[in-house]
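Each chain is listed here by its residues.
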Amino acid sequence: IDGPWEWKGPIAREGKCVYGKLFRGKAGFISLDHFKDFANYRRDGYDYEGFYEDGHSSHKDKDVYDLISESGSILSKSIKQKLNYRKDGNKGFDTVITRLQMQTFVCISDFEYMRDKLGITCFTLQDPYFEHSSCFNIIKKHFKVLDLSGLGLNDISGAVPCVGALLKYLYE
């Protein structure tokens, strides 16, 4: 009987949704309709270069991101080989690739199965699925122009954290 292990690759390959470790380090799917806002919230309006330049990403993360960017899509074993993630080399590949997925810069595009082995993950950038709308910043901007006096709030300082908490609950 087929189950999630058998159909996650074909679903990711279709390109109608994004698959990756997106939810507290756990793998899951998100529709393209929702991914734009999801990614905008997670990235807070950043593209990867700005994210890195502002100090939100490590050198190891950038090396992995750049290799995936140059390759278009690449198997995890190839990333490990090219960037020396081996017993006596770099450490923490799983942490780096999970972090890049959680930040919505990288996703799983497919799996390659070898005889009698588990699937080897193929990664790609999520940018083809992503459009900048800066959802979180738009929501914050709208709260600044709303009359919140009827809510008992003197200013928006109480409202914006509520929006942030709501988005955090929905998307983390």
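As a starting point, this report considers the structure included with it. (Residues numbered from 1 in each chain as written. Predicted model: local features only at pLDDT ≥ 70, side-chain atom pairs only at ≥ 80, totals over all residues. Heavy atoms only, no water.)

Locating Lys-21 in the fold gives a position in strand β1 (residues 17–23). On the accessibility criterion, Lys-21 (33% relative accessible area) is partly exposed. Expressed as a C-alpha distance, the spacing of Lys-21 and Thr-104, which sit 83 residues apart in the sequence, is 9.0 Å. Sequence-distant contacts of Lys-21, that is, excluding residues within four places in its chain, are made with Lys-26, Ala-27, Thr-98, Gln-101 and Met-102. (Helix = DSSP H or I, 4+ residues; strand = E, 2+ residues; numbered from the N terminus. Buried < 20%, exposed > 50% of the residue type's maximum accessible area, 1.4 Å probe, protein only. Contact = heavy atoms within 4.5 Å.)

Our focus in this paragraph is the environment of Ser-76. Here Ser-76 lies in helix α5 (residues 76–82). Each C-alpha atom of the pair Ser-76 and Ile-97 lies 9.1 Å from the other, and the pair is 21 residues apart in sequence. Excluding residues that lie within four positions of it along the chain, Ser-76 makes contacts with Phe-93, Ile-120, Thr-121 and Phe-123.

Moving on to the packing of helix α4 (residues 59–71) against helix α6 (residues 93–102). At a closest axis distance of 10 Å, the pairing of α4 and α6 adopts a crossing angle of 70 degrees. Comparing the axis directions of α4 and α6 gives the class roughly perpendicular. Between α4 and α6, the contacting residues are Lys-60, Asp-61, Val-64, Tyr-65 and Ile-68 on the first element and Val-96, Ile-97, Arg-99 and Leu-100 on the second. Looking at the contact of α4 with α6, its residues break down into six nonpolar, no polar and three charged. (Axes fitted to C-alpha atoms, helices over the stretch in contact; angles between N-to-C directions. Parallel < 35°, antiparallel > 145°, perpendicular 65-115°, else oblique. Nonpolar A, V, L, I, M, F, W, Y, C, P; charged D, E, K, R; others polar.)

We now examine the pairing of strand β2 (residues 26–31). Sheet topology places β1 next to β2; six bridges connect them, and they run antiparallel. Residue pairing for β2: Gly-20 is matched across the bridge by Gly-28. Linking two consecutive strands that pair antiparallel, namely β1 and β2, is a turn of two residues; a positive phi of about 50 degrees is found at Arg-24 within it. (Pairing = 2+ DSSP bridges.)

A separate point is helix α2 (residues 32–43). Given a rise of 1.5 Å per residue, 12 residues ought to cover 16 Å, and the 16 Å separating the end C-alpha atoms of α2 matches this to within 8%. Taken together, the buried positions of α2 are Phe-35, Phe-38, Ala-39, Asn-40, Tyr-41, Arg-42 and Arg-43. (Expected span 1.5 Å × (residues − 1).)

Counting residues in hydrophobic clusters, the biggest one holds 23 residues, and the most contacted among them are Val-64, Ile-68, Ile-79, Val-106 and Phe-123. Contributions of two or more residues to this core are made by α3 (48–53), α4, α6, β4 (106–112) and β5 (120–125). Excluding anything up to four places from it in sequence, Ile-79 contacts Val-64, Leu-67, Ile-68, Ile-74, Tyr-85, Phe-93 and Phe-123. Within the second largest apolar cluster, seven residues are counted, among which are Leu-22, Ile-30, Phe-35 and Phe-38. (Core = buried A, V, L, I, M, F, W, Y, C linked by side-chain atoms within 4.5 Å.)

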